[in-house]
Amino acid sequence: GQQVQQSPASLVLQEGENAELQCNFSSTATRLQWFYQHPGGRLVSLFYNPSGTKHTGRLTSTTVTNERRSSLHISSSQTTDSGTYFCAITGNTGKLIFGLGTTLQVQP
Amino acid sequence: EAAVTQSPRNKVAVTGGKVTLSCNQTNNHNNMYWYRQDTGHGLRLIHYSYGAGSTEKGDIPDGYKASRPSQENFSLILELATPSQTSVYFCASGDRGNTGQLYFGEGSKLTVL
């Protein structure tokens with residue numbers, strides 16, 4: 001079946017460092033999204049990015065659909081970036097499938 | 001900003017009891033979803049709906065029912081709650097169009113004793 005794999009599972013950074021989160025998916029996805037979840041909180045959509053590169057603030061998402069991968073780059077990390085980042089795809093079943101997430105901790 | 005509201009936010013239930021989790025969206029989205037989130041499993045889809053009167057089984061529907069009486073409301077029903085259903089439940093709504101973005105509620109923490 002369709003699988004979404006995220007790496008690394010966890011990441012600890014010092015404030016100001018950059019982060020690169022990876023998402024690989026096992027079959028052609030029609031849509032890809034990145035979500036952020038504050039500890040114990042709601043998931044917020046960061047990017048709807050089925051292909052190409054998108055930017056918002058310090059975040060950049062790049063999806064290469066034919067290579068079945070996407071990345072989320074966080075530049076100049078801040079303590080408020082701490083939380084869990086999820087990648088999710090919509091495959092041929094029409095349902096959204098989530099990866100297990102990358103937990104990011106940014107230390108001051 | 002799209003709005004999805006869940007209630008209750010916290011619930012303690014007894015084994016064998018009935019639990020209803022409610023979700024309301026003001027986005028006029030056709031699609032609504034119920035997920036549960038557990039450590040080591042990420043988010044898993046329980047039920048979803050394409051519109052009022054429709055419910056579809058997700059990946060883990062056993063032990064759950066769903067109801068979509070209107071465009072705005074989507075409920076998740078546990079007729080006979082079990083401790084294994086202790087989890088955090090998230091409702092989401094989304095467009096049927098090409099944007100595909102999902103908007104999530106704040107989650108409902110359910111503890112079944």
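To be clear, the structure that these remarks concern was listed above.
Computed from a predicted model, the values in this text were never measured in an experiment. (Residues numbered from 1 in each chain as written. Chains lettered and ligands numbered in written order. Predicted model: local features only at pLDDT ≥ 70, side-chain atom pairs only at ≥ 80, totals over all residues. Heavy atoms only, no water.)

(A) Here's a closer look at the overall build of chain B. Scanning chain B from N- to C-terminus turns up zero helices and eleven strands. When its helices and strands are written in sequence order, chain B yields β-β-β-β-β-β-β-β-β-β-β. Against the compact-globule benchmark of 13 Å for 113 residues, chain B has a radius of gyration of 13 Å, which places it among compact chains. Taking all 113 residues of chain B together, the buried fraction comes to 50%. (Helix = DSSP H or I, 4+ residues; strand = E, 2+ residues; numbered from the N terminus. Rg over C-alpha atoms; globule rule 2.2 N^0.38 Å. Buried < 20%, exposed > 50% of the residue type's maximum accessible area, 1.4 Å probe, protein only.)

(B) Structural detail: unusual backbone geometry. The step from Ser7(A) to Pro8(A) runs through a cis peptide bond, and the omega angle for that step is -10°. Along the chain, the position of Pro8(A) falls in the loop between strand S1 (4-7) and strand S2 (10-14). A cis geometry characterises the amide bond from Ser7(B) onward to Pro8(B), with omega recorded as -10°. Residues other than glycine seldom take positive phi values, yet Arg68(A) does so here, at roughly 55°. Looking at the secondary structure, you find Arg68(A) in the loop between strand S7 (59-64) and strand S8 (69-74). With phi around 60°, Asn28(B) is a residue other than glycine that occupies positive phi space. Within the secondary structure layout, Asn28(B) lies in the loop between strand S3 (19-25) and strand S4 (31-38). Here Asn28(B) falls in the exposed class, since its relative accessible area comes to 59%.

(C) Representation of the pattern of salt bridges in the model. Taken as a whole and judged by the stated rule, the model has seven salt bridges over all chains. The partner of Arg58(A) in a salt bridge is Asp81(A), and the shortest N-O contact between them spans 2.9 Å. Here Asp81(A) lies in the loop between S8 and strand S9 (83-90) and Arg58(A) lies in the loop between strand S6 (52-56) and S7, a separation of 23 residues in the sequence. Across the pair Arg44(B) and Asp38(B) runs a salt bridge whose closest N-O atoms are separated by 3.0 Å. Its relative accessible area of 24% is what places Arg44(B) among the partly exposed residues. (Salt bridge = Lys/Arg side-chain N within 4 Å of Asp/Glu carboxyl O.)

(D) Representation of the packing of aromatic side chains. Across all of its chains, the model carries twelve aromatic pairs over all chains by this definition. Ring plane angle 40° and centroid distance 5.5 Å describe the contact between Phe35(A) and Phe98(A), whose orientation is recorded as tilted. You can see Phe35(A) sitting in strand S4 (residues 31-37) and its partner Phe98(A) sitting in strand S10 (residues 96-98), a full 63 residues away along the chain. For the pair Phe35(A) and Phe98(A), a shared accessibility class is recorded, and that class is buried. Taken together, a centroid distance of 5.0 Å and an interplanar angle of 50° make the contact between Tyr36(A) and Tyr85(A) tilted. Remark: Tyr85(A) occurs in strand S9 and Tyr36(A) occurs in strand S4; sequence separation between them is 49 residues. Taken individually, Tyr36(A) and Tyr85(A) each receive the classification buried, so the pair is uniform in this respect. Aromatic ring contacts, followed pair by pair, group Phe35(A), Phe86(A), Phe98(A), Tyr33(B), Tyr35(B), Tyr48(B), Tyr50(B), Phe90(B) and Phe104(B) into a single cluster. (Phe/Tyr/Trp six-rings, centres within 6.5 Å; stacked < 30°, edge-to-face > 60°.)

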